[in-house]
Amino acid sequence: MRDTGEIQGVLFDKDGTLIDFNQSWFGIIMTLASSVAADGVAARRLVEQGGYDWEQQKFVGGSVVAAGTIEDLVDLWHPALGGPDRTARIARYDRIATEQGSRSAIGLPGLDQTLAWLVDKGLVLGIATNDSEAGARATAAALGLTPLFHTIIGYDSVARPKPWPDQLALFATQTGLSASAIAMVGDNTHDLEMAHAAGAGLAIGVLSGNSTRADLAPHADVIIDSIADLPGLFG
């Protein structure tokens, strides 16, 4: 593992890393499903297609909802849509997710203290999410976190979302840091795959989201329970 002393910036996934994924997103996905389903049974079926395990009451790691974008969700639920109709549906879903997400976001334990500690240590922070940039900004603002982040990047901020390297590369460009001086922190394999694809200095997996240790182990340089453990790692 690279010496954490060489790390100058930390790029965070949002959902499952900074905020409680299932508590924050279940209501959003149910709202979207109910808006297009014929009845409650059909809505539940759509939510399940998106990756929700009703028995475990959580979205499965790597599923469309857990790891994909709103574009992926639209393509899953509405495969026949194309052209302007698809574009309009994506915009509508993004708008609902942004509005409802900022109201329902629940920060994970230790969030404020951990981010403040990292900033005080001189690290440059950013968010890279497969949510929209507007959604990420609205959530950060709702939680009072905006001043702590140098850069906030959504799936629609770049040509290619995770696991492609584009988001981390954009963070590097906007901060002036080399990729090797950036640590990526995330709860899904696509976060860690992006880190490696972009040449990040460190790929940190967290168990606070929807993936298991076994899911993350092949891709992570180090695995921690949650971001609350980062001071111990960087201390």
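For clarity, every value in this text was computed on a predicted model and none was experimentally measured.

Here we look at the overall build of the chain
And then number 1: When its secondary structure is counted, the chain shows eleven helices and eight strands.
And then number 2: On C-alpha atoms alone, the chain measures out to a radius of gyration of 17 Å, which is about the 18 Å that the 2.2 N^0.38 rule sets for 235 residues.
And then number 3: Dimensions along the principal axes, computed over C-alpha positions, put the chain at roughly 55 × 35 × 35 Å.
And then number 4: With 235 residues in all, the chain has 51% of them scored as buried.
And then number 5: Within the chain, contacts between residues at least 6 apart in sequence are counted, and of these 64% link residues at least 24 apart.
And then number 6: In the structure as shown, the chain presents an accessible area of about 9,800 Å², 50% of it carried by carbon and sulfur atoms.
And then number 7: The positive charge centre, built from 15 side chains, and the negative charge centre, built from 28, are 4 Å apart in the chain.

A short note on the nonpolar core
And then number 1: Counting 28 residues, the largest nonpolar core has F12, L18, F149, I204, L230 and F234 as the members making the most contacts within it.
And then number 2: Counting residues per element, the ones that place at least two in this core are β1 (9-12), α6 (111-120), β4 (124-128), α7 (133-142), β6 (182-186), β7 (202-206), β8 (222-224) and α11 (230-234).
And then number 3: Residues in contact with L18, not counting those within four places in the same chain, are F12, D13, G107, L108, L111, L115, I127, F149 and I227.

Quick look at the packing of aromatic side chains
And then number 1: Using the criterion set out here, one finds seven aromatic pairs in the structure.
And then number 2: Plain terms: the ring middles of F21 and W25 are 6.3 Å apart, the flat faces sit at 20 degrees to each other, and that makes the pair stacked. Of this pair, F21 and W25 both sit in helix α1 (residues 21-36), four residues apart, which is roughly one turn of that helix.
And then number 3: According to the relative accessible area criterion, W25 is buried, its value standing at 7%.
And then number 4: Centre to centre, the rings of F26 and Y52 are 4.8 Å apart; their planes meet at 45 degrees, and the pair counts as tilted. Here the residue F26 occupies a position in helix α1, and Y52 occupies one in strand β2 (residues 52-53), the gap between them amounting to 26 residues.
And then number 5: Since its relative accessible area comes to 9%, Y52 is described here as buried.
And then number 6: Among the aromatic residues, those joined into a cluster by ring pairs are F21, W25, F26, Y52, W54 and F59.
And then number 7: The residue whose ring lies beneath R44 is W54, and the NZ or CZ to ring-centre distance is 3.7 Å.

Here's the deal with the sheet that holds β6
Within a sheet, adjacent strands bond to each other through the backbone by hydrogen bonds, running parallel or antiparallel.
And then number 1: Across the sheet, which stays open at both edges, the six strands sit in the order β5-β4-β1-β6-β7-β8 with parallel pairing between neighbours. In the strand order of this sheet, the two ends are held by β5 (151-153) and β8, each with one partner. Looking at each pair of strands side by side, their axes are set apart by 20 degrees on average, direction ignored.
And then number 2: Relative to β7, β6 is paired through four bridges, and the arrangement is parallel. Following the sheet pairing, V185 is matched in β7 by I204.

Calculation rules
Residues numbered from 1 in each chain as written. Predicted model: local features only at pLDDT ≥ 70, side-chain atom pairs only at ≥ 80, totals over all residues. Heavy atoms only, no water. Helix = DSSP H or I, 4+ residues; strand = E, 2+ residues; numbered from the N terminus. Rg over C-alpha atoms; globule rule 2.2 N^0.38 Å. Buried < 20%, exposed > 50% of the residue type's maximum accessible area, 1.4 Å probe, protein only. Contact = heavy atoms within 4.5 Å. Areas by Shrake-Rupley, 256 points an atom, 1.4 Å probe, with all protein chains shown as cover. Lys, Arg positive; Asp, Glu negative; His and termini not counted. Charge placed at Lys NZ, Arg CZ, Asp CG, Glu CD. Core = buried A, V, L, I, M, F, W, Y, C linked by side-chain atoms within 4.5 Å. Phe/Tyr/Trp six-rings, centres within 6.5 Å; stacked < 30°, edge-to-face > 60°. Lys NZ or Arg CZ within 6 Å of the ring centre and 35° of its normal. Pairing = 2+ DSSP bridges. Axes fitted to C-alpha atoms, helices over the stretch in contact; angles between N-to-C directions.

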